Amino acid sequence: MTFGPEGLLPVTVPLRYAEAPFGIYGYPGSWMFSLTLFRTSNAPTRLEILLNVDFGKAAQDASLTLWGVVERPVSTDIFTGVAWVTPYEYVIPVAQDFYPDDYSLRLFRFNCEYFGSHAFYQGTDIDWGYSENPWPILPGGKDTVLVLGASDVKAVAAGKARTAPWLAVNVYTGKIVRTDAMWSPPGRLLGWWTFVQPPRKLPTPSEAPDCSDLTWTYP
């Protein structure tokens, strides 16, 4: 649902059989957003990430009640969501259940998706966010995402710790810094988390963005 001048309005998303909307993410004030689909078949993954391209030459051309023109940047088995660090850049955790060592954090940039993504982290130190201990990946500024460490969440799940520190990961270098902000499972000490971002209403880019400043790989 979206809130319009006349109140709540339904949002129509044409989908295929055996899939359903799972989560929607975006930058505040932006005309772009991403939708995570849950698929009853997990071939090749349980989730698929969609990016709306329902906009014209101006932001007001975007439709918030009918989302029918989409791109598909990547598929993944990670349920922690998508973090929009700027109105044009977003981070998706990418992994497949049978290849746990290939977990990566990938930075995508609008209109640079044909190059793939910038993989700024790959390894096994970040938690996957399964339903037993769900948590959302969060934007932490224009160059940072906030995640949880695998060993920290494991300690909470085993009852050896009550909280886990949020980790700040630089989206360009992959450098990880432990923060003083603490996470606990929903329903316990701290409740749910979010990150407040300054709203930015930007026009649709009239020219192709510069994609030469990052190293791109597929996906």
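Everything in this summary refers to the structure shown in the same document.

Rules used in this analysis
Residues numbered from 1 in each chain as written. Predicted model: local features only at pLDDT ≥ 70, side-chain atom pairs only at ≥ 80, totals over all residues. Heavy atoms only, no water. Helix = DSSP H or I, 4+ residues; strand = E, 2+ residues; numbered from the N terminus. Buried < 20%, exposed > 50% of the residue type's maximum accessible area, 1.4 Å probe, protein only. Contact = heavy atoms within 4.5 Å. Phe/Tyr/Trp six-rings, centres within 6.5 Å; stacked < 30°, edge-to-face > 60°. Salt bridge = Lys/Arg side-chain N within 4 Å of Asp/Glu carboxyl O. Pairing = 2+ DSSP bridges. Axes fitted to C-alpha atoms, helices over the stretch in contact; angles between N-to-C directions. Arc of directions from axis to C-beta.

### A closer look at the overall build of the protein
- Counting its secondary structure elements, the protein contains one helix and 14 strands.
- Taken over 219 residues, the protein has a buried fraction of 45%.
- Sequence-distant contacts in the protein: of pairs separated by 6 or more residues, those separated by 24 or more amount to 49%.

### Some details on the packing of aromatic side chains
- By the definition in use, this model includes 10 aromatic pairs.
- Arranged with centres 6.4 Å apart and planes meeting at 50°, the rings of phenylalanine 38 and phenylalanine 79 form a pair that is tilted. Of the two residues, phenylalanine 38 sits in strand β4 (residues 33-39) while phenylalanine 79 sits in the loop between β6 (70-76) and β7 (83-84), which places them 41 residues apart along the sequence.
- For phenylalanine 79, a relative accessible area of 25% puts it in the partly exposed group.
- Joined through ring pairs, the aromatic side chains of Tyr103, Tyr121, Trp128 and Tyr130 make up one cluster.

### A few points about the pattern of salt bridges
- Here the structure, examined in full by the defined rule, presents seven salt bridges.
- Among the ionic pairs, arginine 16 bridges to glutamate 48, the shortest N-O distance being 2.7 Å. On the criterion of sequence distance, the pair formed by arginine 16 in the loop between β2 (7-9) and β3 (19-26) and glutamate 48 in strand β5 (residues 47-52) is long-range, its members being 32 residues apart.
- The exposure class of glutamate 48 is buried, given its relative accessible area of 7%.
- Note that arginine 109 is salt-bridged to aspartate 213, the shortest N-O span being 2.8 Å. With arginine 109 in strand β9 (residues 104-109) and aspartate 213 in the segment after β14 (176-183), the pair connects residues that are 104 residues apart, well separated along the chain.
- Ionic contacts of the salt-bridge type, sharing partners, join the residues Arg16, Glu19, Arg39, Glu48 and Arg72 into one network.

### What about the sheet that holds strand β11 (residues 138-139)?
- Overall, antiparallel pairing links the four strands, which are arranged β11-β12-β13-β14 in an open sheet. The open sheet has two edge strands, β11 and β14, and neither has a second partner.
- Two strands pair when backbone bridges link them, and β11 and strand β12 (residues 144-148) are joined in this way by two bridges, in the antiparallel orientation. The residue bridging proline 139 from the neighbouring strand is valine 145, located in β12.
- Most of the contacts of helix α1 (residues 150-157) go to strand β13 (residues 164-170), to which it runs at about 165°, and overall it touches β12, β13 and β14.

### Structural notes on α1
- Among the residues making up α1, those that are buried are Asp152, Val153 and Val156. Buried positions in α1, seen along its axis, are confined to an arc of 95° and lie on one side of it. Exposed and facing more than 90 degrees away from the buried side of α1 are Ser151 and Lys154.
- Buried residues in α1 make contact with β12, β13 and β14.
- Two residues or fewer past α1, glycine 159 is found with a positive phi of approximately 80°.

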